[in-house]
Each structure stands twice: as structure tokens, then as C-alpha cells.
2 protein chains.
Amino acid sequence: MNISKERLSLLREAMKTRGCNYFIISTGDPHLEENIPDHWQIIAWLTGFTGSAATVVISEDAALLWTDSRYYIQAGLQLEGSGFSFIHPVQGGKNDFAEWLRENCLKESIIGLDGHLISDRKLRRLEELLAPLKIRFDTGFDPFPELWTDRPALPSGMAMDYPVLYSGKDRVVKINEVRSEMKKINADYQLLTSPADIMWLLNIRGNDARYSPQMSCFALISRDQVILFADEERIPFRLLIEFDKQGIVLLPYEDTEAVLAALPMRSFLIASGGKTSASLFRAVPKRVRIIDLPSIPSRLKAIKNKTEIDNLGKTMIKDGVALSKFFYRFEKELGTVPMSELSLEQMLEHFRAEQDDYAGPSFRSVVAFNGHSALPHYSAVPETDSGIGQKGILLIDSGGQYLTGTTDITRTVSVGNPTLGQIKDFTLVLKGCIDLAKAKIPAGTRGIQIDILARQALWENGLNFGHGTGHGVGYFLNVHEAPPSVSPSETAETRSPVEPGMVFSDEPAVYREAEYGIRTENLLLCYEDEETSFGTFLKFETISLCFIDKKLIDKTLLDSRQIAWLDRYHEVVYEKLTPFLEKEETDWLLEKTSPL
Amino acid sequence: MNISKERLSLLREAMKTRGCNYFIISTGDPHLEENIPDHWQIIAWLTGFTGSAATVVISEDAALLWTDSRYYIQAGLQLEGSGFSFIHPVQGGKNDFAEWLRENCLKESIIGLDGHLISDRKLRRLEELLAPLKIRFDTGFDPFPELWTDRPALPSGMAMDYPVLYSGKDRVVKINEVRSEMKKINADYQLLTSPADIMWLLNIRGNDARYSPQMSCFALISRDQVILFADEERIPFRLLIEFDKQGIVLLPYEDTEAVLAALPMRSFLIASGGKTSASLFRAVPKRVRIIDLPSIPSRLKAIKNKTEIDNLGKTMIKDGVALSKFFYRFEKELGTVPMSELSLEQMLEHFRAEQDDYAGPSFRSVVAFNGHSALPHYSAVPETDSGIGQKGILLIDSGGQYLTGTTDITRTVSVGNPTLGQIKDFTLVLKGCIDLAKAKIPAGTRGIQIDILARQALWENGLNFGHGTGHGVGYFLNVHEAPPSVSPSETAETRSPVEPGMVFSDEPAVYREAEYGIRTENLLLCYEDEETSFGTFLKFETISLCFIDKKLIDKTLLDSRQIAWLDRYHEVVYEKLTPFLEKEETDWLLEKTSPL
């Protein structure tokens, strides 16, 4: 019997004992982050599906899994024989577990879930949707402490001090900035549920999750105090003393709900219903007025300060040097040394690891050859690992965590001679990437307004891509960081203007199923360009540094300004990287970056 | 004593008697429409300000008026000596009356207003904003029946049948379409508060407000009945008999609230909180579940059917012929016959009135010379009427109501030789107008995503304009019609995708205060272009027909595709209009539309 089937049947027994007809579990931890500690990888343990986002619904006779388009193929493969069915929306399945419940749930059923692992907003929408069915929710159902016997422990490593040399701003200054924003909207308290917000605020970093230097914790900022909910043993003694002087008080992680429950009458608390678990959100008593807004630190930390921007510039050089060395070696060894997706991933990691201040990858790399490159978030596993042949498309999307910032870059290169179709697709994607990069916009413009710039050349040719164009990028923090978002859709967390100092990705793409995928991704830094009588205007600097494969470019499809942009970009890449390259690498890069 | 001062002091007495500390009145009628009957022009009567949108707040010692940027200059002039102060946001005033109240309102005050004249959404936001001040709202305060002795009566004219020849679809078919949409979201009732929705649904038209062929009425659609709330005397007898056969029941206009109050337990009602007055919205008992969505007819009527599209094509020719005759006469008489903004407005109306099926202007024309053209919605009055000199910029924004559709078009022409600056501004505006017109977009794209296309050329030059790029246009109905909206912002009413059959304006602009303004406006019709493996793609047809002044174009600023677009557009204008023009007009138009 498949291990997942076994676990499923144990879970169904637990549901029966508890009296739940349905059980819902979505990927997530009590902080509702993307990068979560192994302790919270419940869906992977239960179903075998290892994608980074999914929802599972279990009833007596159904066990279903939903995920997004990134993982349609992976989910189909990994769930085989597991007892769980993957619901493929394009193949006639319901788009969404909530819709499925609305149509299939029996009236007056009881739905179990763990209210610590779902946002209040998501749960509220579900409650509203199912209201006509008179469903009862049992939000305290958590069977895994018993079922999952070899579960990884909760993280317990030490946090580290992250000095001003890197962070650019003292924590006391940051706390005061947050307080002055709180004052503007008359708030008495700011609840922080996102560890990244707290890492930024307190100039600390942790090591609880893969790919992101965070420590799981909550915080509550009041007008004269910051309460950090984290176990005292996790904070270095020297930091504890500093915190004490700076009005930062430590309370146990488990006390968060109790402290919220005791907030004074008629006080105003900022808490984001989309980023706070239902259990925590509902622990706030009715007498406290909740201001449901994205956290103040989420916006402030997205606006990089001068030190961060300077460090980021140096980081981009390090990352560009690693990538250049990698591509040089790749081209040299192609056809002589056997290579596969996994071996290239290791080779790239090797070159990054040679750089100063490198701390590890900022996400699981996508190294994808031919058909695999058509899956936007493919990651090779030994079963799928593809050898690199003499001809095809190789897409590499990777990034690094450096003490001096976080990178995220995608390059698509041609192995052997590309086809005309590949050249056209690549050039259209590149046009979009350039058009967004060279945009000039008035202050106040939102990401949803500029998304089209990266897509228009594709749309004109009846092409498109199914993901957003750009996401914010943290600074030695999460590689996906709201609010910046360049996308056809918005959430409460991303619905805010692009501001000077923000960094976000610019990554248009085309995916041709089972054939190949093309994506070009750079990071853009927003800066103030000029002030006219019509307002303040902003522009972007492309800060990622790596050549773009000219073999895949049809120059006749570019207009003169796009050509000028690319030639200038290649000039900068050459100038900034060659001081750190060997002679033969420099010669090679000269050719790679010569004018079109 | 100024008449407004007198009325203000009577109003303050009425407030005192009623016990209200503050009184709020916003432009609007019980249907919250833009074009309102004279009976509801309360702000104009009270303050002398005649702009189409404003809010007034009165207390014992303050009398303040807010309006939008279209009317800043007009409000300043018209309120002089009235006792009312215009609050100019750019000159340090509060942006918004609600913000002003939040900062200035005394705790525990009573605010009076007429709940029939404010949307529920707007009132709710106000209540939330002022909650910390413990304000009480007296939503039944309406002192005008007594104060306004010579008030125009409520409209009482007859509605007219609007046959399928024009509407393209039988009312029974439309009602069934609405019901099938209601079924999809499990709604039992659809409340219609917008007369335009009801005119469309029932294939009738009225004559209650200037510029829009509407009759004030409400309607309620259930699964087997349509209740039309309108006085029986207003409906022609022949129509009453048809209605009776078709399940359309007439009830008195005043009964709307009572019928809503009697809706059955646990039924589901679609009603838009943004388009329904607070009084009506709150008449719905708690036992009824409100689905707060834009009305189903608002979307269906925006998707023009084949008959409407065909008629609209003919209407554009009529309107283009009138405009061509007007501009021909204007050029011929310039310098020989004295002309002013007002005389040109009359002359244009004269040429439109010559066309078949013409019913009147679709809004008050903007005929604006030089400095006046910098005011986006300037309308000449005798006191401001400017003679047309030998040199300058003339902007004309006008439209017609035809039985066969509604038009809205802006052309800016140069009188004498334009300056280089004017030529550059005009060409940048034109680039935007063309770039939006020739866009290709995937189905599902919203207006906010494509707005940038009309602005990018301006932004690159540090320019911008402060209004939306485009609004939906009704079909022999309101010239401003949601949902279509191409704008940097969205409302619940406009947040929906552009769909084939929708018609909206494309009107980028530049305004240089006290110098000149430039705007070019065409109507676009959305149609399905192609289906690829990446989805369905849509394009637009520019349906307005009038030459664009080549004297104001710098060809070197246009790219080859923009030039090709303009030359082709001018070819179509010439081909379609000349069959209806005199020989000398045809010769003149040939020159106006010759290739760049």
C-alpha cells in the first residue's frame, strides 16, 4: 500500500473521531509565508506532492488536490497511486476548492481545518460562500501532532544580528519610522505576522526555512514598545541586552494570541486580514478596532535605502560574475563533458558559492532543457533529470542570497542553432522585457498599469504568458516580496504604487507546451527621474548583469530604441563584470556583449 | 444681498429647527445618475455653481463646496459673493468633504442629509470614517420642498416605445437573458435603480433630463415578473397592453421602498451599493441577502448587438458629415464672419440637426479657444464667451443623440499657424490615441491595464492628463456609461473586462493652464480578432469619422505604424463621408485627409 494511502486512511479515521465531514488543508505555516519550515510541509508528507502551493480537500470518499498552473504536470505525476486526485481546471475540473465545496458539500456538514494555517480573509470568503449550505466550521482541528510521528521539529536555531553595514539603518530609526506612519492613521498597535517584516525591522536574520534567512516569530508594535514573540533561547545574549535598551521586549512565541486578546478597549490595531491567520485575527476582541491594511513595514522595507542600493549594486556584480563564469564553462564543456539539468544546477551553485558574502540559493533553481523549459517552475529531480543534448533551448532561472542582498535572474540560451520560431519568440519576449525596463511613469502609477508593456509585443502576435510580469524582491530576505507586483491582477497586499527605491523583477515569457519555454528576467530598481509641471516622473535601472543570448535575437523585429537599449546594457555588463573575470572569460564576454 | 446668501441663511434656520449641526448635499437624484432632471439641481439653485458634480457641507459658520478638477476655475468664479467657499485641494484645501468633516466635525454632532440622494456605499464610508467622533446621522432631512418655492416639478412626460428596428432585440429576450445571468449566481431578484438600465431592458426611452433620453423609474426583476415603478400616466396605453402580456407590471414610483421592504425571507437580491441610494438600500430587510454587484443589465447593455452596431456605423457617418460641414464652413468664414465659442456651438448644432434621426446633443458641448481649451470641460456662457481670433488652438468636444445611437468626439484644430510646442503636444497626444486604437489584447483584459497605451508618449516627455482615457458610451442613452472605463483607477462598477461589442472613448489630452489644451477623441468598438493556442484576442475599430488636423502633426515624431494607421483612417473618413458632401466640401476633405 502506498504510504500516502495509508496516511490518508489514518486521517479519515481522525476525521471520523472528531466528527468532521470534510477536512481542508492549504500550504502554509502560522505566518502564511511562501518559504516554510519543514515542520509545516504537511501536504508533501501527506500526499507526496512537493510543489510550493496547494490545497487539499478530504471527505469520506474524496481526496482532492488543487494547485496553480506552475505545477499541473508535477502534481499529476507525484499524485499517481497516492489516493489523492489532482483537479486539473483546464481539463474540466473546478477552478478552485471553494467552488468545489459549494457544489458538492452536503448541507449542514462540518468542515475541519486548522485556523492557524489559513488567513482570516480566505476563511471569511469561504464562510460567506458556503453560508447558504449552513456549514459549521471546526477551526481547531489539527490531527498531525498524532499522525505524523517522525515530523521535523519546530525550528529552534539562533537568530543573528544583521548590522547597519548591511541594513543601512538602525532598528531604532526604523521603529520610529513605523510609529510615525502609525500616527498618520491614528493606530495604537501594529501586528506583524510576517517574519520578513520583523527581520527587517529589528535588523536580525534567521535560518528557519530553506531559501530565506528568517526566524519564525510575531511582533506587536505599540507607541512605546515593541513586543517580539520568540523564544528567548533563540536570541543571542548581546542582542537581548540591546533590545532591552531599545524598548524591545521578548515574550514567548505561544503568547501572541493571549496578548492580542488583552488589548485595551477602543484601541486601533493594524492587522492584515490577508496575512494573518484566522485564529490570530479572531483572537482580537471586538472592543478593539482592526484597521485591515498591509503592514507598514511591508511597504517601508520594499523601499531600499542608500546602503541597501549600493550593496545591491555590488551583489549584482558578484552574481553576474558567477553567471558569466558558469556560462563560459558550460559552452566550453558542451559536447565534451556529459551534462544534465541537475549537474548544471550544481555547477551554477558552485560559482555562486565562490563569491563573497554568499549564503545560498534564494529559491530552488529552474534549470530546464527543451520540453522542461515550458514548465515555468520546473525543478529537476533524479527521475526527470534530462541530459543536455546538442540542440535545444536551455532556461535557467536562479538567484542567490548574499549578506548584501538577494538576486533573481533568468536567462534562456540556445544550444546549437535555434529555429526561426525560437528566435521570433525570444525576440518578442525581449522586446517586452526592454519596453518595461525603459518606461517612464508618473509617481503613483501601480504595477497593474505597466504590466502591458512587457506583453504587448507578444499579444500582437497572439501570444501570452500565464504568470505575472514582476514581483518585488527582498534584501537578504524573501525573493518574492509584496507590495511591488507587475501583473494583470492585484491583491490588497500589492495594490499600491511603485515607489523610488523599490526593486522588482521584469520577466516576460512564452511557453510552448512540450516544446520549449523562453523567459528573460532582470531586476529593476525604481528611481526618481524628473519633476515637471505635470508631476514627478520615475524611471527604472536594470540592475541584473548578464549577457542576453544574441543567437536568439532577430534584430529586424527590434525598433531602434530597443536596439540602443540592448547595446548599452551589454556595454554595462562587460564593463562591470570583466574586472572580476579571467582573460579567456573576458574575451568570451566581449563577443557575447558586442553590439547587435 | 446675494440670492445664494439669502437661501443659505434660510437653510441654516431649517437646520436649527431640525437640530442638525451639519448638512451635506451632493449632486444627484434618487437614481444617482449624471444627467439629472431640473427638479434635482439643488446645488445650482442653492449656490449658483452649475457644474455637473459637487458636494456642499454647511454648518453654523461654514458653507463649503467641493468639486472635481474639471470645475476648479468655474467654481471659483460662480461662488464669488455667494456665501459659499470653494475648497481648492491643490491650494491647500482638504481633498474631500469627508476628510474635512473628520478633522473639523465636533464630537457627537448630528449630520443631516437626504438618504435618497446619496449612495449607500458613500454613506457607509462616511459613517465608518466618522465613527470615532460618535456622529449621529439624520438621513431624513430634506428642507427643499419648503425652501425652494419655485422648484421645477418632477418630470411627468410620456415614455416612448423604442422599436426593435433600433434596439435590435425584443424586450422579452433581454429579460430572459438577465434572468439566465441571475440564475448563474442564484439570485431571486435584481433591483434596477438606473433609468438607463430600464430603458435598455424594456426598449423604451424618455425625456426627463437634458442630454439623455431617460425616464426616471425603478424596476425589480424576479424570476417570473418585472415590476416597473413608474406612474401609469407616463406609459402610452399601447405599451401598457404589451407590458401586461409580457409579465411587466406597473406600480407607482413611490412604492419602490415598500416593495423592497416586503421581499420574502432568505431571498437573494442583486443591488449595487454604489448605485442605490442609502434609503432604498436600507429599506431591504435584514432577512434578505443582498448580492452587492453592478446590475446585470449594466453589463449586457454595454455589449452592443448587431443591429446597434450597424446603426451606430450609420450614425457615425451622419455625425462625421455634420462635423465636416461645420469645419468646412468654419474655415471658409474665418476672418470674414465674426465668430465666438457660443456661435460655433450653435453652428455645430445646426449641422447635426440637419441629420436624420437626430434628437439633440448628448452633453453640453465644449467649444473652447486658447486658454479656455485648457479647461477639460469648459462650456461657454455669455460672460466668458471668447471671440475666435486669427491665431490659436480651438478644441471642440461634442456629441449627438440619434435614434440610431449616441456619439462623442473631440477634435482640436489650429487657427492660423501653430507653434512648435503646440505641434509637439498634439503629436504626442495623437500617438497615444493611435496606440490605444491599434492595440490587440487577450480576452479578460481590463481598462486599467490598457490606459497606459494612450499616455506613454506623453509620460516619456514629462506630460500627463488628469482625467481617464476613456468611458463607455450608451446607445441612444447616457454618453457616459459603465462598465467600460480606460483609466488609472477602477470602481466596483468599472472593474470588469473589455468585451466584444463594447464601445468606449479614446481621448488622451494635454492641458497647459491659461495657454491651451489639446485633446483628440474617437470612439472605439471592441471586436474579436483571433483565437490562438494562447487564448482569444480582441481588437478595436475606430468608429468616429472626422479628419485630424495635419497642420498640428510632426510626422517625424510618429513611427511608421502610426503613420500607416493615420493615413488609412483618413482614407476611410474620406470614403465614408464624401457621398454625403457637396462638391466643394469633398475637395476640401480630400486635402484634409491626404496621406501625411
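Going by the structure above, here's the rest.
All of the points below concern the structure found in this document. (Residues numbered from 1 in each chain as written. Chains lettered and ligands numbered in written order. Predicted model: local features only at pLDDT ≥ 70, side-chain atom pairs only at ≥ 80, totals over all residues. Heavy atoms only, no water.)

## Details of the overall build of chain A
And then number 1: A count of helical and extended segments in chain A gives 20 helices and 28 strands.
And then number 2: Its C-alpha atoms give chain A a radius of gyration of 25 Å, near enough to 25 Å, the size a compact globule of 596 residues would have.
And then number 3: Relative to its 596 residues, chain A shows a buried fraction of 59%.
And then number 4: When contacts within chain A are restricted to residue pairs at least 6 apart in sequence, long-range pairs at least 24 apart make up 69% of them.
And then number 5: Entry remark: accessible area of chain A is about 23,800 Å², with carbon and sulfur atoms responsible for 52%.
And then number 6: Averaging the coordinates of the 65 positive side-chain charges in chain A and doing the same for the 83 negative ones gives two points 4 Å apart. (Helix = DSSP H or I, 4+ residues; strand = E, 2+ residues; numbered from the N terminus. Rg over C-alpha atoms; globule rule 2.2 N^0.38 Å. Buried < 20%, exposed > 50% of the residue type's maximum accessible area, 1.4 Å probe, protein only. Contact = heavy atoms within 4.5 Å. Areas by Shrake-Rupley, 256 points an atom, 1.4 Å probe, with all protein chains shown as cover. Lys, Arg positive; Asp, Glu negative; His and termini not counted. Charge placed at Lys NZ, Arg CZ, Asp CG, Glu CD.)

## Looking at helix α16 (residues 420-437) of chain A
And then number 1: For α16 of chain A, spanning 18 residues, the distance from its first C-alpha to its last is 26 Å, which sits close to the expected 26 Å at 1.5 Å a residue.
And then number 2: A large share of α16 of chain A lies buried, amounting to 14 of its 18 residues. (Expected span 1.5 Å × (residues − 1).)

## Some words on helix α8 (residues 171-184) of chain B
Residues and elements named next belong to chain B.
And then number 1: Across its 14 residues, α8 extends 20 Å between first and last C-alpha, which sits within 8% of the 20 Å expected from 1.5 Å per residue.
And then number 2: Those residues of α8 that fall on the buried side of the exposure criterion are Arg171, Lys174, Ile175, Val178, Arg179 and Met182. For α8, the arc enclosing every buried residue in end-on projection is 140°, short of the 170-degree limit, so these residues lie on one face. Turned more than 90 degrees from where α8 packs its buried face, Lys183 and Lys184 sit exposed.
And then number 3: Sitting at the head of α8, Asp170 places a side-chain oxygen 2.9 Å from the backbone nitrogen of Val172.
And then number 4: One or two residues past the end of α8 sits Asn186, with phi positive at roughly 60°. (Arc of directions from axis to C-beta. Polar contact = N/O pair within 3.5 Å; in protein donor to acceptor, adjacent residues only side chain to side chain.)

## Digging into the relation of the copies chain A and chain B
Both copies of the chain are placed relative to one another by a rotation about an axis and a shift along it.
And then number 1: When chain A is fitted onto chain B, the two copies agree to an RMSD of 0.0 Å after a turn of 180° and an axial shift of 0.0 Å. Such a turn and shift between the copies fits a two-fold axis. Among all C-alpha atoms of chain A, that of Gln449 of chain A lies closest to the rotation axis, at 2.5 Å.
And then number 2: When the interface residues of chain A are mapped onto chain B, 100% of them again fall at the interface, so both copies present the same face. (Least-squares fit on C-alpha atoms with pLDDT ≥ 70 in both.)

## Topic: the interface of chain A and chain B
And then number 1: At the interface, 33 residues of chain A touch 33 residues of chain B.
And then number 2: Both faces combined, the contact of chain A with chain B buries some 2,900 Å², and carbon together with sulfur accounts for 54% of it.
And then number 3: The tally of links from chain A across to chain B stands at 2 salt bridges.
And then number 4: A salt bridge links Arg561 of chain A to Glu460 of chain B; its shortest N-O distance comes to 3.4 Å.
And then number 5: Between the two partners, chain A and chain B, sit 4 residue pairs in polar contact (both at pLDDT 80 or more).
And then number 6: Elements with a contribution of two residues or more to the side of chain A that touches chain B: β21 (440-442), α17 (447-450), α18 (456-460), β25 (509-512) and β27 (522-532) of chain A.
And then number 7: Of the residues belonging to the side of chain A that touches chain B, the class tally is 16 nonpolar, 7 polar and 10 charged. (Buried area = accessible area lost by both parts, 1.4 Å probe. Salt bridge = Lys/Arg side-chain N within 4 Å of Asp/Glu carboxyl O. Nonpolar A, V, L, I, M, F, W, Y, C, P; charged D, E, K, R; others polar.)

## Considerations on the pattern of salt bridges
And then number 1: In total, this model carries 78 salt bridges over all chains according to the counting rule given.
And then number 2: Each of Asp120, Arg124, Glu127 and Arg282 of chain A takes part in one network of salt bridges that share partners.

## Examining the sheet that holds strand β18 (residues 400-402) of chain A
All names here are of chain A.
And then number 1: Here 3 strands make up an open sheet; going across it, the order is β15-β18-β19 and the pairing antiparallel. Of all the strands in the sheet, the pair left with one neighbour each is β15 (358-361) and β19 (405-406).
And then number 2: In the sheet, β15 pairs with β18 via 3 bridges, with the strands oriented antiparallel. Within the sheet, the bridge partner assigned to Gly360 lies in β18 and is Gln401.
And then number 3: In the packing of helix α15 (residues 341-353) onto the sheet, the strands contacted are β15 and β18, and the crossing angle to β15 comes to about 165°. (Pairing = 2+ DSSP bridges. Axes fitted to C-alpha atoms, helices over the stretch in contact; angles between N-to-C directions.)

## Description of the environment of Thr55 of chain A
And then number 1: Looking at where Thr55 of chain A falls in the secondary structure, it is placed in strand β2 (residues 54-58).
And then number 2: Placed 237 residues apart in sequence, Thr55 of chain A and Asp292 of chain A show a C-alpha to C-alpha distance of 25 Å.

## Some points on the sheet that holds strand β2 (residues 54-58) of chain B
Residue and element names in this part refer to chain B.
And then number 1: Within the open sheet, the 6 strands sit side by side as β4-β3-β2-β1-β5-β6. Their pairing is mixed. The open sheet has two edge strands with one neighbour each: β4 (85-86) and β6 (136-138).
And then number 2: The pairing of β2 with strand β3 (residues 63-67) spans 5 bridges and is antiparallel. Of the residues in β3, the one forming a bridge with Val57 is Leu64.
And then number 3: Across the sheet, helix α4 (residues 97-104) is in contact with β1 (22-26), β2, β3 and β5 (110-112); its angle to β1 comes to roughly 170°.

## Digging into the nonpolar core
And then number 1: Residues Phe327 and Leu394 of chain A together with Phe327 and Leu394 of chain B are the most contacted members of the largest nonpolar core, which totals 166 residues.
And then number 2: Aside from chain neighbours lying at most four places away, what touches Leu394 of chain A is Phe330, Leu344, Val367, Ala368, Phe369, Ile388, Arg411, Thr412, Val413 and Val415 of chain A.
And then number 3: Within the second largest apolar cluster, 32 residues are counted, among which are Ala187, Ile248, Ile270 and Leu300 of chain B. (Core = buried A, V, L, I, M, F, W, Y, C linked by side-chain atoms within 4.5 Å.)

## Some thoughts on the packing of α16 of chain A against helix α19 (residues 560-577) of chain A
All names here are of chain A.
And then number 1: Their axes nearest at 10 Å, the elements α16 and α19 cross at an angle of 80°. On the basis of their axis angle, the class for α16 and α19 is roughly perpendicular. Mapping the contact onto sequence places Leu430, Lys431, Ile434, Asp435 and Ala437 in α16 and Gln562, Trp565 and Leu566 in α19.
And then number 2: Partitioned by chemical class, the residues of the contact of α16 with α19 number 5 nonpolar, 1 polar and 2 charged. (Parallel < 35°, antiparallel > 145°, perpendicular 65-115°, else oblique.)

## So, the packing of aromatic side chains
Residues and elements named next belong to chain A.
And then number 1: A complete count under the given rule lists 36 aromatic pairs over all chains for this structure.
And then number 2: Their ring planes at 65° and their centres at 6.5 Å tell us that Tyr162 and Tyr475 sit as a pair that is edge-to-face. On the criterion of sequence distance, the pair formed by Tyr162 in the loop between β7 (160-161) and α7 (164-167) and Tyr475 in the loop between β22 (470-471) and β23 (485-486) is long-range, its members being 313 residues apart.
And then number 3: Judged by its relative accessible area of 1%, Tyr162 falls in the buried class.
And then number 4: Measuring from centroid to centroid gives 5.1 Å for Phe326 and Phe327, while their planes differ by 70°, and the two rings are edge-to-face. For the residue pair Phe326 and Phe327, the accessibility class agrees, reading buried in each case.
And then number 5: These aromatic residues form a ring-pair network of at least three members: Phe326, Phe327, Tyr328, Phe330, Phe547 and Trp588. (Phe/Tyr/Trp six-rings, centres within 6.5 Å; stacked < 30°, edge-to-face > 60°.)

## Observations concerning the pairing of strand β11 (residues 226-229) of chain A
Two faces, one strand: in a regular strand the side chains alternate between the faces of the sheet.
All names here are of chain A.
And then number 1: Judged by which residues are buried, β11 turns out to be covered on both faces: Val226 and Leu228 on one side and Ile227 and Phe229 on the other are all buried.
And then number 2: Strand direction decides the pairing type here: strand β10 (residues 218-221) and β11, joined by 4 bridges, are antiparallel. By the bridge assignment for β11, Ala219 is matched with Leu228.
And then number 3: Two strands pair when backbone bridges link them, and β11 and strand β12 (residues 248-251) are joined in this way by 4 bridges, in the parallel orientation. Within the sheet, the bridge partner assigned to Phe229 lies in β12 and is Leu251.
And then number 4: One crossover worth recording links β11 to the parallel β12 by way of helix α10 (residues 237-245), and it is right-handed. (Right-handed = clockwise from strand over helix to strand, strands pointing away.)

## Details of the state of the cysteines
Residue and element names in this part refer to chain A.
And then number 1: Tallied over the entire structure, the rule returns 0 disulfides over all chains.
And then number 2: Cys105 provides the cysteine sulfur closest to Cys20, a residue in no disulfide bond, and the two sulfurs are 11 Å apart.
And then number 3: Just so you know, Cys546 is unpaired, no disulfide at all, and the nearest cysteine sulfur is the one on Cys433, 12 Å from it.
And then number 4: Looking at Cys546, the relative accessible area reads 0%, which means it is buried. (Disulfide = S-S within 2.5 Å.)

These figures come from the coordinates and say nothing about function on their own.
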